[in-house]
Amino acid sequence: MKPFSYATALTPESARELAGQEGAYLAGGNDLLGLMKESILAPKLLVNIKPIPGFNAIEQTARSWILGATTTLAQIENHAGLRQAFPGLHQAVAEVGSLQIRNVATIGGNLAQHSRCWYFRHRDLVCWKKGGDTCLAREGENRYHSIFTGCACISPVVSNLSVVLAALGATVHVRRGDQTLKWSINELYAQAWDDPSAHHSLGSGDLILKIEIPADSRRSAYLQASEKAQFDWALVSCAASAQVDQGRFSRSRIVLGAVAPAPYQVNEANQMLDGQAVDEALAAQVADRLLRDATPVAHNQYKVAIAKALVVRTLLLLRS
Amino acid sequence: MPTWPKESKFISKNIRRIDGPAKVTGSAKYTSDVQPEGCLYGMILRSRWPAARITRINLDKARQVAGFRAAVLVREGERRVRYYGEELAAVACATKQACQDALRAIEVEAVPLPFVVREEDAIRTDSPRVWDDSPNLSKAGLRERGDVTKALADSAVVVEGFFSTPVQVHHPLETHGNTASWTDEELTVWSSTQGIFSVRDGLAGNLNLEQNKIRVISEYMGGGFGAKFGPGVEGALAARLSRAAKAPVKLMLTRFDQSLAVGNRPSSYQKIKLGAAADGKLLAFELDAYGTAGIGSGGSTEGGGGGAEFPAPYIYQIPNIRVSHRGVTVNAGSARAFRAPGHPQASFGMESILDELAVKLNIDPVELRILNDPFEIRRKEYQLGAERFGWKEKYRKPGSSPGSIKTGVGCAGAMWGGGGGGTQAEAQVNPDGAIEIRCGTQDLGTGTKTVIAAIGADLLGLTPDQIAVRIGDTRFPPSGGSGGSTTAASVSPAVHNTCQRVLEELQKVSGMSDVRGENWKSACKKLGVNPLVVPGKWVEGLSSSGVGGVQFAEVEVDTQTGFVKVKKITCVQDCGLVVSRLTCESQVNGGIIMGIGYALYEERVMDRASGMLLNPNFETYKLPGLADVPEIDIVLLDMPERGVIGIGEPVTIPTASAIANAVANALGVRIGSLPVTPAKILAALDKSKATA
């Protein structure tokens, strides 16, 4: 780890001012400290944003739920109202890391976390994401990597929350300069598709303020498949939401995680569900459509089968 | 001939681990907790090249780092490195951060050389050689008995298969490490080790120091599993740094270091042909195997050690055999003994092909094993285990379990030698009745201290908490390394002998005919001012060797996601006289959990292009967590007449084989390659669908 200064912010504005272009925001620190210890990041200044009053608040308004950026995953997991409103969110949070990690990890940090690609994380290897000019995984050990691989870097988004929040149509409020941007989850990760050095669309100094989830009558569900029963990354994750009236779906969304640089959805697949009474056959068709353009690499063909199974299961779970 | 007491209060009973409270409260001092005054930190600079000629290592800039105190080179002058992570130099500094800064400041000039890290690449003749003077693929070690070709031709059924096991990395929760303190040309080393005397003697050789100038202490240690017998490069570096810095130096490996350079279980690739008569009697076994022990080759046919060879055919009696083993060198860290060296690999190939045979012959897998097993105790264990597990009710035709989540069962057996010897101990009996038993063994976490206390208490008529057990110090009477499942069988007879002699001496001094139990204190009072010190040693008749052991596994496999859930393991194990039941069962639990890791998760992943290890941490080198641990049902065959036999190794051998057999039974398709991952399961199901 390189020497750094440390500051505490009491308002989002002061956090941004303190951080400038060379500082980093410290919330749970799970990702940031790991990156610093491996000398992948060396911020000159860490700005602790946890003490900002209200920054970890969970609020319910008439139209939405609002979760402050430093709301911990444990807070979300244990919140009865959120659990009832968004079972999918609850499940996605409960699958993150271990209890100790969820006690300190924040929703903002979960969304902004960097790639887990073992080439990127390796102290002696340099790839696109570290200023190099190649993706070492593409021809290498890529069992855990993306199956939508048209982009330069094939490390997938691993944030569980990004997947379920995409399904829930959440908005991420980001402070950039004097502006507050309101991004969809798609927009939050759009840059990762185009720019292999990016993990998301956040630039230096950009600060996630809060996440807004529309409170409507849609149901939600989340499932993931891993190698281990707990405390393991998803090989594939899947979230869905829809309004279900007597078995008929509307305003449906089905999203996959750990398969592409961003949560992966296809409008056509969503539309296939709307107005339909979803059964296993339709769910399988939707799964096929979602995975139609998958281009797995040498060692992750199996993820396609898992993704299809999860799509079917998640949709049937949503129906039940 | 000495004997164990027929009736006992503590031996074979559920007594609590005597150092449990110290461990859970943190008062137990492990090597990483030892902090002598003025202690510096040590860290190692490792090669960033999988193969290179190192032409120069310049320490000048490291010396400028604030907090720097000393640096040493592993070797002077030009040298070769042969794997990513090989040790080059080490520094001692006031803080860990300063160590990291100093390591980064060291300038290394190197000429990179071609390398090869995968077995399948290394065996090609056009591959770069790891060692200039010998090919990567060793000559075959051959062993033949009978006439295999004829026996295969005569067999009613022949099954063939190809099986592979990964390189499993040594990952004890406490990494390798030492704290070395050099004063007046005497060296004290706190070491995380399985062998305090082998560390002492290794250091004496390395440092050209007399053995009586070195004291090695290991009061508590957090696991070794075969990788912690000698001081290692890291131990010698700690001692050299301490001498150079004139201060104590603590050098504990990081998890990253641990992944690279301090041992692993060799891989294996096994082509097997097995022939049998129609009634299931095995007739012929042919094995063509290779595997890698990293930069060490190990191509002989003997089991044990850290080589790539393994005992074959495993367990079962087969009249005609032809066995060929070859070692493959690659540019990766070398193997060391790993809990039952060779046996889990051997078991996996043999038990897998045996289940294939059972299916082909339509014979129950348990019956097929009993039919061919020459070891009577294990035959009994198979019967007992099958009954207890409910094998007859649970075993179904492979793949016949309904639904997308399928259940399956499997079984496998193990053998191990163990045995003991060569241990001395002593007791100091004080006039107030307080007694201390001292022995230069070490407790790997298996419960050695509790074993000593239980025996002492029983023989002297006291309670375990009245016995002060002192171990892990080379100033105590010597004992051997804790490996090969020999500790309990080595230490227990020595303690027995010591206590017998204490009773004799105390009777003499006190003039009392019975000094045990309630007479103990009054007898001790008669000692006057001087404590009584009594030596004892290992004696024949209280221990033996040679165990079996069988395990049954029940699994659930999700055929859509490839996820494997181990539901239950039943283990039936003999280990002679059970000394301390709870710590014994605890070892069984540990062996099985380690076997689950081998079955489903663990694998060293090497990157072909860079030659580097890709999973040097617990995030991607996956180990079982609590949620992955099933119901474990343990039956220990109580056989006190056989004396004490160790249990550490046999209990980890059959677990992965039984689980893999259970997965094959669930799916109707065999995954012949460990670890059994979702990727492999889904690929195998895909392939079987395509050919169906």
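The structure displayed is predicted, hence computed values, not measured ones.

## Concerning the overall build of chain A
Looking only at helices and strands, one finds 12 helices and 11 strands in chain A. In summary, chain A has a C-alpha radius of gyration of 19 Å against a globular reference of 20 Å for 320 residues, a match within 12%. By principal-axis analysis of the C-alpha atoms, chain A measures approximately 55 × 50 × 35 Å. In chain A, buried positions account for 52% of the 320 residues.

## Quick notes on the overall build of chain B
On a plain count of helices and strands, chain B comes out with 18 helices and 27 strands. Computed over C-alpha atoms, the radius of gyration of chain B comes to 27 Å, within 12% of the 26 Å expected from 2.2 N^0.38 for 692 residues, which places it in the range of a compact globule. Expressed along its principal axes, the backbone C-alpha trace of chain B runs to roughly 85 × 70 × 45 Å. Buried residues in chain B amount to 59% of all 692 residues. In chain B, once contacts between residues fewer than 6 apart in sequence are set aside, the share between residues at least 24 apart is 81%.

## Quick word on the interface of chain B and chain A
If you look at the interface, chain B gives 25 residues, while chain A gives 21 residues. Broken down by element, the residue count for the side of chain B that touches chain A peaks at four residues, all from helix α18 (residues 678-691) of chain B.

## Here we look at the pairing of strand β6 (residues 107-112) of chain B
All names here are of chain B. Of all six residues that make up β6, zero are buried, and the element is exposed over most of its length. Here strand β2 (residues 52-58) runs beside β6; their pairing, made up of six bridges, is antiparallel. Looking at β6, one finds that I57 is bridged to V108.

## Thoughts on the sheet that holds strand β2 (residues 23-26) of chain A
Residue and element names in this part refer to chain A. Across the sheet, which stays open at both edges, the three strands sit in the order β1-β3-β2 with parallel pairing between neighbours. One side of each edge strand has no neighbouring strand; the edge strands of this open sheet are β1 (5-8) and β2. The sheet shows a mean angle of 25° between the axes of neighbouring strands, direction not considered. Where β1 and strand β3 (residues 45-48) come together, four bridges link them in parallel fashion. Bridging across to β3, A7 finds its partner in V47.

## Describing the nonpolar core
Core analysis: the biggest nonpolar cluster contains 309 residues, and V236 and V311 of chain A together with A90, V91, I659 and V663 of chain B have the highest contact counts within it. Among the elements that line this core, the one with the most residues is helix α12 (residues 302-319) of chain A, at 10 residues.

## A few points about the domain arrangement of chain A
Residues and elements named next belong to chain A. Once the domains are mapped, chain A shows domain 1 (58-113 + 155-214) and domain 2 (219-319). Once you take the C-alpha centre of each, domain 1 and domain 2 turn out to be 19 Å apart. Broken down by secondary-structure element, the contributors of at least two residues to the side of domain 1 that touches domain 2 are α5 (87-94), α8 (160-167) and α9 (185-194). Considering only residue class, the side of domain 1 that touches domain 2 consists of 17 nonpolar, eight polar and one charged.

## With respect to the packing of helix α9 (residues 343-361) of chain B against helix α10 (residues 365-372) of chain B
Residue and element names in this part refer to chain B. As a packed pair, α9 and α10 sit with axes 9 Å apart at the nearest point and diverge in direction by 115°. By the criterion of interaxial angle, the relationship of α9 to α10 is roughly perpendicular. Helix-helix and strand crossings are classified by hand; for α9 and α10 the assignment is right-handed. Counted together, L354, D355, L357 and A358 of α9 and P365, L368 and R369 of α10 form the full contact between these two elements. Grouping the constituent residues of the contact of α9 with α10 by class yields five nonpolar, no polar and two charged.

## Looking at the confidence of the model for chain B
All names here are of chain B. Put simply, chain B has an average pLDDT of 96, and 98% of its residues get 70 or more. In this model, residues 298-304 is a region of pLDDT below 50 whose contacts with residues beyond four sequence positions or in other chains number 31 contacts. Reported confidences for the modelled complex are a pTM of 0.97 and an ipTM of 0.97.

## Looking at the sheet that holds strand β16 (residues 282-292) of chain B
Residue and element names in this part refer to chain B. Spatially, β7-β17-β16-β15-β8 is the arrangement adopted by the five strands of the open sheet, whose pairing is mixed. One side of each edge strand has no neighbouring strand; the edge strands of this open sheet are β7 (141-145) and β8 (157-165). Direction aside, neighbouring strands of the sheet carry axes that sit 5° apart on average. On top of the sheet, α9 reaches β8 and β15 (268-276); it is set at about 145° to β8, its chief contact.

## Side note on the environment of M639 of chain B
Residues and elements named next belong to chain B. Its place among the elements puts M639 in the loop between β27 (631-637) and α17 (655-667). Separated by 61 residues in sequence, M639 and V578 have C-alpha atoms that sit 7.8 Å apart. For M639, the residues in contact, after removing those within four places along its chain, are D574 and G576.

## Structural notes on the domain arrangement of chain B
For interface size, the figure often reported is the accessible area lost on association. All names here are of chain B. Once the domains are mapped, chain B shows domain 1 (20-30 + 420-537), domain 2 (34-113 + 176-252) and domain 3 (264-417 + 545-691). On a C-alpha basis, the centroid separation for the pair domain 1 and domain 3 is 38 Å. At the level of elements, α13 (448-460) and α14 (487-510) are the ones that each hand at least two residues to the side of domain 1 that touches domain 3. Of the residues that constitute the side of domain 1 that touches domain 3, the class distribution is five nonpolar, eight polar and no charged.

## Side note on α12 of chain A
Each full turn of the α-helix corresponds to 3.6 residues, which orients residues three or four apart in the same direction. End to end, α12 of chain A covers 26 Å across 18 residues, agreeing with the expected 26 Å (1.5 Å per residue, within 8%). Counted residue by residue, α12 of chain A has 14 buried out of 18 residues, so it is predominantly covered.

## Here's the deal with helix α7 (residues 232-245) of chain B
Residue and element names in this part refer to chain B. Compared with the 20 Å implied by 1.5 Å per residue over 14 residues, the 20 Å span of α7 between its first and last C-alpha is a close match. Summarising burial for α7: 11 of the 14 residues are buried, a large majority. Those residues of α7 lying buried are G232, E234, G235, A236, L237, A238, A239, R240, L241, S242 and A245. At the C-terminal side of α7, K246 shows a positive phi close to 55°.

## Regarding the packing of α5 of chain A against α8 of chain A
A pair of packed helices is characterised by two quantities: the angle between their axes and the separation of those axes. All names here are of chain A. Taken N-terminus to C-terminus, the directions of α5 and α8 make an angle of 170°; their axes are 9 Å apart at the nearest point. The pairing of α5 with α8 is recorded here as roughly antiparallel in orientation. On the side of α5, the interface is formed by G88, L89, A92 and V93, while α8 contributes N160, L161, V163, V164 and A167. Here the residues of the contact of α5 with α8 sort into seven nonpolar, two polar and no charged.

Cut-offs applied
- Residues numbered from 1 in each chain as written.
- Chains lettered and ligands numbered in written order.
- Predicted model: local features only at pLDDT ≥ 70, side-chain atom pairs only at ≥ 80, totals over all residues.
- Helix = DSSP H or I, 4+ residues; strand = E, 2+ residues; numbered from the N terminus.
- Rg over C-alpha atoms; globule rule 2.2 N^0.38 Å.
- Buried ≥ 20, exposed ≤ 12 C-beta atoms within 10 Å, placed from the backbone.
- Contact = placed C-beta atoms within 7 Å.
- Pairing = 2+ DSSP bridges.
- Axes fitted to C-alpha atoms, helices over the stretch in contact; angles between N-to-C directions.
- Core = buried A, V, L, I, M, F, W, Y, C linked by C-beta atoms within 7 Å.
- Domains from an automatic or database assignment.
- Nonpolar A, V, L, I, M, F, W, Y, C, P; charged D, E, K, R; others polar.
- Parallel < 35°, antiparallel > 145°, perpendicular 65-115°, else oblique.
- Left-handed = near helix turned anticlockwise from the far one by under 90°.
- pLDDT = per-residue confidence, 0-100.
- Expected span 1.5 Å × (residues − 1).

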